[in-house]
Structures are given as structure tokens and as C-alpha cells.
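# Coordinate analysis (summary)
Residues per chain, in single letters:
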Amino acid sequence: MDMTFDRLSSTRFEEFCADLLRANGFVNIDWRKGTGLSTSPADKGRDIVCDHLRIEPDGSQHFEKWFVDCKHFRNGIPPKELRNLLAWAEAERPDVALIAASNFLSNPAKEYLEAYRRNNRPGFRIRHWEKPQLARMLRGKVSLQRKYNLTSIPIRSTKDILRAEEEFFIKVWYGRKQSAAAYRAQGTPEYIIKGM
């Protein structure tokens, strides 16, 4: 099944990312929209701030702080679009700085991230989830796929499927039904023939 994020606005993509994080066990999700307007200019490179429970091999647990920058681009994301997230991550030191891309990072952006890691050795991990990773994380999460209309083939609701099943049953029943004369010849009572 092919996933597409093209029908979403940038704000709706951010909302989708917050829901996807929640569905994958993230907690304390703060979508930093900050305004009722369609865009959120004051997020400072952090569209979402959240925590992820990490369980160590010895069973100890702790929360990791994640900064998430949601990038909704039809083309590859250029390096300049990553700078705000990295600057705020340098200043506030989360455990992970994540770029969630509705499409793909451009090759120059990937090279920029690699050079940034190598030259700056940041005190946080840099991750990026592109369209294939997002699609893989959505497998089995039909309610999210339906809520955001993400599949190229529409997903029917249970109500629609049951309605189609009932229609199919009736059509098959009528198709197999004999004439009233044939039922009378078999001795079927008249009230049953009338009901049919």
C-alpha cells in the first residue's frame, strides 16, 4: 500500500507526527504550534518536544528528551532547513534531534548532517525519519491512516464494509431465489412466499 502525505498541509503534517509519536509510545508530547493560525512561526525549529521511555539492558528506565522538526516538502529538504533544529538542540541539549520528513532529505542535507556530526560531535543524537520509515511505522495503524487519508487507495470503515456485505447478501439471495410457482410446487406455505 502506497502512503502519500501530499494531501496534508504543513500544520496537518505536524499534527500527524504528534499522533504517530503518541501511537509509538512517546509521552509528554508538546506540539509547539503556539498559535491558532495555519502556521507556527514561533516554534524555533522544534515543532514537537516529547519524551521517550528507554529501557536499559539491566532493566533500568529513563526518559529521553526528543526535539522533533516536521518538514513537509514535496522535493528533497535542503540543508538550510535543518539549521534551526540543530541550533536549538545545541543550546538546550535534548537526547535526540529528529527530522520527520514527509518526503526525503536531499543528498546535500544528508551530507550536511554527516559533516555536522563529524565536526561538532554534538551531545545529542541526530535522527531522521523519511517517508519510507514513516510508512513502516504506520503499518497496522489503520485509524491513523484513515484519520489523515494517507493511502492512495481509500480505507473503508467497518460500517461501509458491513453495508457492502449486506448488499452482497441480498443480491445473492435474490439471484438464487426461485419463482413463487416453484416454491408452491415444493409445498412452501403461502405466508413465506408472500414474505419473500
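Structure: above.
The following paragraphs examine the structure supplied in this document.

Criteria and cut-off values
- Residues numbered from 1 in each chain as written.
- Predicted model: local features only at pLDDT ≥ 70, side-chain atom pairs only at ≥ 80, totals over all residues.
- Heavy atoms only, no water.
- Helix = DSSP H or I, 4+ residues; strand = E, 2+ residues; numbered from the N terminus.
- Buried < 20%, exposed > 50% of the residue type's maximum accessible area, 1.4 Å probe, protein only.
- Contact = heavy atoms within 4.5 Å.
- Areas by Shrake-Rupley, 256 points an atom, 1.4 Å probe, with all protein chains shown as cover.
- Disulfide = S-S within 2.5 Å.
- Axes fitted to C-alpha atoms, helices over the stretch in contact; angles between N-to-C directions.
- Parallel < 35°, antiparallel > 145°, perpendicular 65-115°, else oblique.
- Left-handed = near helix turned anticlockwise from the far one by under 90°.
- Nonpolar A, V, L, I, M, F, W, Y, C, P; charged D, E, K, R; others polar.
- Core = buried A, V, L, I, M, F, W, Y, C linked by side-chain atoms within 4.5 Å.
- Polar contact = N/O pair within 3.5 Å; in protein donor to acceptor, adjacent residues only side chain to side chain.
- Expected span 1.5 Å × (residues − 1).
- Arc of directions from axis to C-beta.
- Patch = residues over 30% accessible without salt bridge, like charges linked within 9 Å, V, L, I, M, F, W, Y side chains within 5 Å.
- Salt bridge = Lys/Arg side-chain N within 4 Å of Asp/Glu carboxyl O.

### Structural notes on the overall build of the protein
Along its length, the protein carries eight helices and five strands. Classification of the 196 residues of the protein by burial places 35% in the buried group. Restricting to contacts in the protein with at least 6 residues of sequence separation, those with at least 24 account for 62%. Carbon and sulfur atoms make up 52% of the accessible area of the protein, which totals about 12000 Å².

### Quick word on the state of the cysteines
Taken as a whole and judged by the stated rule, the model has zero disulfides. Of all cysteine sulfurs in the structure, the one in Cys 70 sits closest to Cys 17, which takes part in no disulfide; the separation is 3.7 Å. Look at Cys 17 and you get buried, because its relative accessible area is 3%. On the basis of relative accessibility, which here comes to 8%, the residue Cys 70 falls in the buried class.

### A word on the packing of helix α2 (residues 83-92) against helix α3 (residues 107-120)
Describing two packed helices takes the angle between their axes plus the distance from one axis to the other. Where α2 meets α3, the axes come as close as 12 Å, and the angle between the chain directions of the two elements is 20°. Classified by the angle their axes make, α2 and α3 are roughly parallel. Between α2 and α3 lies a crossing whose hand is right-handed. Of α3, the residues touching α2 (which contributes Arg 83, Leu 86 and Glu 90) are Tyr 112, Leu 113 and Tyr 116. Residue classes in the contact of α2 with α3 are distributed as four nonpolar, no polar and two charged.

### Description of the nonpolar core
Counting residues in hydrophobic clusters, the biggest one holds 25 residues, and the most contacted among them are Phe 16 and Val 68. Looking at which element gives the most residues to this core, the answer is helix α1 (residues 10-23), with six residues. Counting residues in each nonpolar core, the second largest holds 16 residues, with Phe 67, Ala 109, Tyr 116 and Ile 126 among its members.

### Here's the deal with the side chain of His 72
Counting through the fold element by element, His 72 comes out in the loop between β3 (61-71) and α2. A distance of 3.5 Å separates a polar side-chain atom of His 72 from the backbone oxygen of Phe 5. In terms of polar contacts, His 72 uses its side chain to reach the backbone carbonyl oxygen of Leu 8, at 2.6 Å. Once residues lying within four places of it in the same chain are set aside, the contact partners of His 72 are Phe 5, Leu 8, Ser 9, Ser 10, Phe 13 and Ser 102.

### Remarks on unusual backbone geometry
For Arg 93, which is not glycine, the phi torsion reads 55° and is therefore positive. A residue is classified by how much of its surface remains accessible, and Arg 93, at 46% relative accessible area, is partly exposed. Of note in the backbone geometry, Asn 149 takes a positive phi value of approximately 50° without being a glycine. With respect to the helices and strands, the residue Asn 149 is situated in the loop between α5 (142-147) and α6 (158-176). On the accessibility criterion, Asn 149 (39% relative accessible area) is partly exposed.

### Some words on α3
Over its 14 residues, α3 runs 20 Å from end to end, which matches the ideal 20 Å to within 8%, given 1.5 Å per residue. For α3, the full list of buried residues reads Ala 109, Leu 113 and Tyr 116. Seen end-on, α3 carries its buried residues on one side only, within an arc spanning 60°. Looking at α3, the residues exposed on the side facing more than 90 degrees away from the buried face are Asn 107, Glu 111, Arg 118 and Asn 119. Considering only its buried residues, α3 is in contact with α2, β4 (96-101) and β5 (125-129). Trailing α3 by a residue or two, Arg 121 shows a phi angle of about 40°, which is positive.

### A word on a nonpolar patch on the surface
Together, Val 27, Leu 53, Ile 55 and Phe 63 make up a nonpolar patch on the protein surface, roughly 340 Å² of accessible area in all. Within the secondary structure layout, Ile 55 lies in strand β2 (residues 48-55).

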